[in-house]
Amino acid sequence: TVILGSTADQGTLVVIQDSKIFATGTPSLPIIFSSVQPLGGRAAGDWGGLVLNGRAPVNDPTIPDNPDAGEGASGPFGGDDPNDSSGVLQYVRVEFAGIRFSDTNELNGIALQGVGSGTVIDHVMVAFNQDDGIEFFGGTANASYVFIYGARDDSIDCTLGWTGRIDNAVVIQRGDDGDNGFEWDNWEFGFDFTPQTMPQVTNVTLVGLRDAPGVENGSGGRLRNGTAGLITNAIWYNFGRSGLRIQTTESMNSIEAGDLNIANSIVYGVDPIYEGEDEQIIGDMLESPANNNLFADAMLADPLNPVKPDITPMPGSPAADAGNAGNLDYIGGVDPNAPWIYEGWTSFSDN
């Protein structure tokens, strides 16, 4: 099934609270949400995107009763049901979305707002979105096999107390003003509000565009405003500002408490490797022998190819060494022997 979003009418699909979407595609027959514009004339921001509003907890107490809450005033979300379900997204591609209502109001490719852990989300791609690729606004949603390609802002964003997890993810920036690979906040107006943003992300590859002329290219991860979280088996590569940027005293406190940590990961092609509010604390965490992080070339096949990048670790890569990967077989978002982002349901076409 192909669903086309109208440009003229700012077409956006919103799944409101207590409703569900059942978008169950297959590897060879994905469900595609795309632009109504003709092939060759499609571009980021042609239409709105996909929004799911659930009843899982958020840490802003005003949101559940605000009819204009949510991205693009898409309605209230949040509640007291961590197991809430908004349905199924499987083998789904969202492309050329993220319409801009104003400079401060743009839609994400997929916005998961107060979405609960009963929602099934796996094998989802967001390509060429005007704003963030996917953003978790609180909630407890889990996702696996997430591919963000060519987002014009942050690729994987979260705020408002998201406590879910992502297993196997890939972020690849293109030249369209891509900002940070990750941008994580607890809440910008309540650094210590609960539930605290504390996702778990394992097996992710993040590829930036450090050398592209005129490109606004941020950090591999910008973690701030009181966020916590655990990132394991990640590859951070080629970001223009830094590999990792951690801000605010509250996030430093989370590092010292063991609630914000990065382990079994590879950082390469970024200078500086890290920056932030207290670089001693960040450095001690990243360089701790117990965390087993490497500052070496991950030996990805062709990660900066502008047509179809290849992020598969080559033979001899430390990313394919089970000893480096802890209790898993590889570091990064794709298994060297089965790189899922090249299956038939994904697309690298930029128009």
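Everything discussed here concerns the structure shown above.
A quick note: this is a predicted structure, and the numbers were derived from the prediction, not measured.

Colleague: In this structure, what is going on with the sheet that holds strand β22 (residues 274–276)? I would like to understand it.
Modeller: Within a beta sheet, neighbouring strands are joined by backbone hydrogen bonds and run either parallel or antiparallel to one another. As summarised here, the arrangement of the nine strands in space is β2-β5-β9-β11-β13-β15-β17-β19-β22, forming an open sheet in which the pairing is parallel. The outermost strands of the open sheet, each flanked by one partner alone, are β2 (12–15) and β22. Ignoring which end each strand starts from, the neighbouring axes of this sheet average 10 degrees apart. For strand β11 (residues 134–137) and strand β13 (residues 156–159), the ladder comprises four bridges, and the chain directions are parallel. Pairing of Phe137 across the sheet is with Thr159, part of β13. Strands β19 (244–246) and β22 of the sheet are contacted by helix α2 (residues 279–287), whose axis makes an angle of about 145 degrees with β22.

Colleague: How should I be thinking about the side chain of Ser155 in this particular structure?
Modeller: Along the chain, the position of Ser155 falls in the loop between β12 (143–149) and β13. When sequence neighbours within four positions are dropped, the list of residues in contact with Ser155 reads Gly133, Ile134, Ile148, Val171, Asn180 and Gly181.

Colleague: Got a minute to help me understand helix α1 (residues 249–256) in this structure?
Modeller: Residues spaced three or four apart along an α-helix point in a common direction, a consequence of the helix completing one turn every 3.6 residues. Here α1 has its buried residues at Ser251, Met252, Ser254 and Ile255. Seen end-on, α1 carries its buried residues on one side only, within an arc spanning 155 degrees. Looking at the residues trailing α1, positive phi occurs at Gly258, about 85 degrees.

Colleague: Sorry, what's going on with the packing of α1 against α2 here?
Modeller: The axes of two packed helices give the description: the angle between them and the distance between them. With their axes 10 Å apart at the nearest point, α1 and α2 run at an angle of 35 degrees to one another. As for the relative orientation of α1 and α2, their crossing is left-handed in sense. From α1, Met252, Ile255 and Glu256 reach across to α2, where they touch Ile281, Ile282 and Met285. For the contact of α1 with α2, the residue count by class is five nonpolar, no polar and one charged.

Colleague: When you look at α2 in this model, what are you seeing that I'm missing?
Modeller: Every buried residue of α2 is accounted for by Ile281, Ile282, Gly283, Met285 and Leu286. Summarising the contacts, the buried residues of α2 are in contact with β19, α1, β20 (260–263) and β22.

Colleague: Where do I start with the nonpolar core in this structure?
Modeller: Note that soluble globular proteins tend to have their nonpolar side chains buried in a common cluster. With 54 residues, the main nonpolar core has Phe136, Phe182 and Leu244 as its most contacted residues. Per element, the largest residue contribution to this core is four residues, and it comes from α2. Leu244 has contacts with Gly221, Leu223, Trp236, Ile262, Ile273, Tyr274, Glu275, Ile282, Met285 and Leu286, leaving out every residue within four places of it along the chain.

Colleague: What am I meant to see in the environment of Asn238 here?
Modeller: Mapped onto the fold, Asn238 is located in the loop between β18 (229–237) and β19. Along the primary structure Asn238 and Gly208 are separated by 30 residues, whereas in three dimensions their C-alpha atoms are 4.9 Å apart. Residue contacts for Asn238: discarding those within four places in its chain leaves Gly208, Leu209, Arg210, Asp211, Asn217, Tyr268, Gly269, Val270 and Leu304.

Colleague: So what exactly am I meant to see when it comes to a nonpolar patch on the surface here?
Modeller: On the surface, a nonpolar cluster with roughly 260 Å² of combined accessible area is contributed by Val2, Leu4 and Val36. By the secondary structure assignment, Val36 is in the loop between β4 (31–35) and β5 (49–53).

Colleague: Whenever I open this one, unusual backbone geometry confuses me. Can you help?
Modeller: The phi torsion of most residues other than glycine is negative, and most of the peptide bonds are trans. The peptide bond linking Thr194 to Pro195 adopts the cis configuration, its omega dihedral lying at 0 degrees. Put simply, Asp271 and Pro272 share a cis peptide bond, and its omega is 10 degrees. Here Pro272 lies in the loop between β21 (266–268) and β22. For Asn233, which is not glycine, the phi torsion reads 55 degrees and is therefore positive. In this structure, Asn233 sits in strand β18.

Colleague: Looking at this model, I keep getting lost on the side chain of Asp132. Mind explaining?
Modeller: The topology assignment puts Asp132 in the loop between β10 (120–127) and β11. No salt bridge is formed by the buried Asp132; its nearest oppositely charged neighbour, Arg224, is found at 8.5 Å. For Asp132, the residues in contact, after removing those within four places along its chain, are Asn108, Gly109, Asp153, Asp154 and Asp157.

Colleague: I'm lost on the pairing of β18 in this one. Help?
Modeller: A regular strand places its side chains so that they alternate between the two faces of the sheet. The buried fraction of β18 is high, at eight of nine residues. Both strand β16 (residues 200–207) and β18 contribute to a ladder of seven bridges, which runs parallel. Across the sheet, Thr202 pairs through a bridge with Thr232, a residue of β18. When β18 meets β20, the two strands line up parallel, connected through four bridges. Across the sheet, the residue bridging to Gly229 is Leu260, located in β20.

So, how was this worked out
- Residues numbered from 1 in each chain as written.
- Predicted model: local features only at pLDDT ≥ 70, side-chain atom pairs only at ≥ 80, totals over all residues.
- Heavy atoms only, no water.
- Pairing = 2+ DSSP bridges.
- Helix = DSSP H or I, 4+ residues; strand = E, 2+ residues; numbered from the N terminus.
- Axes fitted to C-alpha atoms, helices over the stretch in contact; angles between N-to-C directions.
- Contact = heavy atoms within 4.5 Å.
- Buried < 20%, exposed > 50% of the residue type's maximum accessible area, 1.4 Å probe, protein only.
- Arc of directions from axis to C-beta.
- Left-handed = near helix turned anticlockwise from the far one by under 90°.
- Nonpolar A, V, L, I, M, F, W, Y, C, P; charged D, E, K, R; others polar.
- Core = buried A, V, L, I, M, F, W, Y, C linked by side-chain atoms within 4.5 Å.
- Patch = residues over 30% accessible without salt bridge, like charges linked within 9 Å, V, L, I, M, F, W, Y side chains within 5 Å.
- Areas by Shrake-Rupley, 256 points an atom, 1.4 Å probe, with all protein chains shown as cover.
- Salt bridge = Lys/Arg side-chain N within 4 Å of Asp/Glu carboxyl O.
- Lys, Arg positive; Asp, Glu negative; His and termini not counted.

On their own, these measurements won't tell you what the molecule is for.
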